[in-house]
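For reference, the chains in residue letters:
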Amino acid sequence: MAKDIYMGEVSRNEEIRKDFFLMKVTLPSGFVEPMPGQFVMIRIAGLNDPFLSRPISIYSFSRGRSNCSMELLFRVVGKGTRILAGLIKGSLVEISGPLGEGHFAIPKAGNIVFIAGGIGIAPLSLFAENLCRKVCRSSDAMTFYLGAQSADGLIGLNRVHKYCGNIIVCTDDGSAGMKALVTKAFQKDLKKYDPMDTAIYACGPRPMIRALSGMLDAEYFCQVSLEERMACGVGACVGCAVAMKDDLGQKTYKRVCSDGPVFELKDIVWE
Ligand SMILES: Cc1cc2nc3c(=O)[nH]c(=O)nc-3n(C[C@H](O)[C@H](O)[C@H](O)COP(=O)(O)OP(=O)(O)OC[C@H]3O[C@@H](n4cnc5c(N)ncnc54)[C@H](O)[C@@H]3O)c2cc1C
Ligand code: FES
């Protein structure tokens, strides 16, 4: 269960929008190429408070001759992320990863739909980039629905514009794009998407994922990345367990960190 821990060096940590940071970390060349949807556990080297690492999705990854470079896009919500936000160039971080057995699956369908709430854009935009650059999917096939509470929370759009031909932006307060919840905007278009020829990928807060589950029948292929609080990140503490259906439709529990964080929407049991 244990994963290698790598020492990374922060090469950039910029507040790109109030409380949203883009951190670039240089890692040793042994770091394995991540699959979109996988994440890392990160903590500051030598710091014991907070002791636990924090899970953050991999936003971008590239490999150089002698090292690797990874970007993390994060929002300051509490103690751990506030400390990460304060790191300067040259700071050392302990990173374990890439973590998670469940990652986004390459679609066979003609239509590819992404639905992101806020910081949920991070793993989905890496996936959109990989589909364009590595499996040559056309940007015209990809539609990205991005929602946030207000215009301030819409981050990462430039990158999505590079890879997705259709982008629908929504805010709860109407300060940018449609004044609607992102799930409502998607629901309005749902009839356009043939379940036999559409693959849907979503990441965002639990209520957003739950709303999607209420509007998509099981015919649709839909994978979602779940954000649970995590302690160990490697399947040892069971602190991140969520209720799921097994292959026989019986209720079971799966660990978001090791079995996920990406699951099929139809398998989630809403308690
Ligand atoms: C697989 C995975 C990938 C993630 N990727 C990203 C990412 O790319 N960028 C990013 O900004 N955040 C991401 N998160 C969420 C991030 O891990 C939490 O925001 C972070 O751990 C909070 O730590 P903290 O010490 O700052 O906050 P805390 O002081 O621990 O908590 C502050 C508040 O945030 C809530 N919170 C804490 N952890 C989570 C969580 N895991 N999910 C939802 N709410 C939480 C708490 O309930 C509390 O209200 C991801 C989480 C998971 C599980
Ligand atoms: S965080 Fe420990 S099992 Fe998932």
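Quick note: structure is the one above.
What counts and what doesn't
- Residues numbered from 1 in each chain as written.
- Chains lettered and ligands numbered in written order.
- Predicted model: local features only at pLDDT ≥ 70, side-chain atom pairs only at ≥ 80, totals over all residues.
- Pairing = 2+ DSSP bridges.
- Helix = DSSP H or I, 4+ residues; strand = E, 2+ residues; numbered from the N terminus.
- Contact = placed C-beta atoms within 7 Å.
- Axes fitted to C-alpha atoms, helices over the stretch in contact; angles between N-to-C directions.
- Buried ≥ 20, exposed ≤ 12 C-beta atoms within 10 Å, placed from the backbone.
- Arc of directions from axis to C-beta.
- Near = placed C-beta within 6 Å.
- Domains from an automatic or database assignment.
- Core = buried A, V, L, I, M, F, W, Y, C linked by C-beta atoms within 7 Å.

Peer 1: I tried to follow the sheet that holds strand 13 (residues 221–225) on my own but got confused; where do I start?
Peer 2: Within a sheet, adjacent strands bond to each other through the backbone by hydrogen bonds, running parallel or antiparallel. The seven strands lie next to each other as 11-10-9-8-12-13-16, forming an open sheet whose pairing is mixed. The sheet is open, and its two edges are formed by strand 11 (178–179) and strand 16 (262–264), each paired on a single side. Most of the contacts of helix 4 (residues 182–189) go to strand 9 (residues 142–148), to which it runs at about 145 degrees, and overall it touches strand 8 (111–117), strand 9, strand 10 (166–171) and strand 11.

Peer 1: Help me understand helix 5 (residues 206–215), please; the structure alone is not making it clear to me.
Peer 2: For an α-helix the count is 3.6 residues per turn, leaving residues at separations of three or four pointing the same way. Along helix 5, the residues classified as buried are Met208, Ile209, Ala211 and Leu212. In an axial view of helix 5, the angular spread of the buried residues amounts to 160 degrees, which keeps them on one side of the axis. Away from its buried face by more than 90 degrees, helix 5 exposes Pro207 and Gly214. On its buried face, helix 5 is in contact with strand 8, helix 4, strand 12 (198–203) and strand 13.

Peer 1: Which parts of the structure should I look at to understand the environment of Cys203?
Peer 2: Structurally, Cys203 can be placed in strand 12. Under the C-beta neighbour-count criterion, Cys203 is labelled buried, with 29 such atoms within 10 Å. Considering only alpha carbons, one finds Cys203 and Glu227, 24 residues apart in sequence, at a separation of 8.2 Å.

Peer 1: Any chance you could explain the sheet that holds strand 3 (residues 39–44) here in plain terms?
Peer 2: Pairing within the open sheet is antiparallel, and its seven strands lie in the order 4-3-7-1-2-6-5. Strand pairing shows two members of the sheet lacking a second neighbour, strand 4 (54–57) and strand 5 (60–63), which therefore form its edges. Each neighbouring strand pair of the sheet contributes to a mean axis angle of 35 degrees, computed without reference to strand direction. As defined by bridge partners, strand 3 adjoins strand 7 (residues 92–99) across five bridges and the pair is classed as antiparallel. Each residue of the ladder has a partner; that of Ile44, found in strand 7, is Val93.

Peer 1: What exactly am I supposed to notice about the site of ligand 1 here?
Peer 2: Taken together, 20 residues lie near ligand 1, and Ser57, Phe74, Gly78, Gly80 and Thr81 sit nearest. In terms of residue count, the dominant contributor to the shell around ligand 1 is strand 4 (four residues). Both domains that furnish three or more residues to the shell around ligand 1 are identified here as domain 1 (5–97) and domain 2 (111–267).

Peer 1: Honestly, the nonpolar core in this entry has me stumped. Any pointers?
Peer 2: The tendency in soluble globular proteins is for nonpolar side chains to be buried as a group. Phe114, Ile115, Ala128, Ile200 and Ala202 are the most contacted members of the largest nonpolar core, which totals 74 residues. Per-domain counts for this core show at least three residues from each of domain 1 (5–97) and domain 2 (111–267). Apart from residues no more than four positions distant in its own chain, Ile115 is found in contact with Tyr145, Val182, Phe186, Ile200, Ala202 and Leu212.

Peer 1: Can you help me understand unusual backbone geometry in this one?
Peer 2: Across residues other than glycine, the phi torsion is negative in most instances, and most of the peptide bonds are trans. A cis amide bond links Gly97 to the next residue, Pro98, at an omega of -5 degrees. As for its position among the elements, Pro98 is in strand 7. Residue Gly260 is joined to Pro261 through a cis peptide bond whose omega torsion reads 10 degrees. The backbone phi angle of Asp19 is positive, close to 75 degrees, even though this residue is not glycine.

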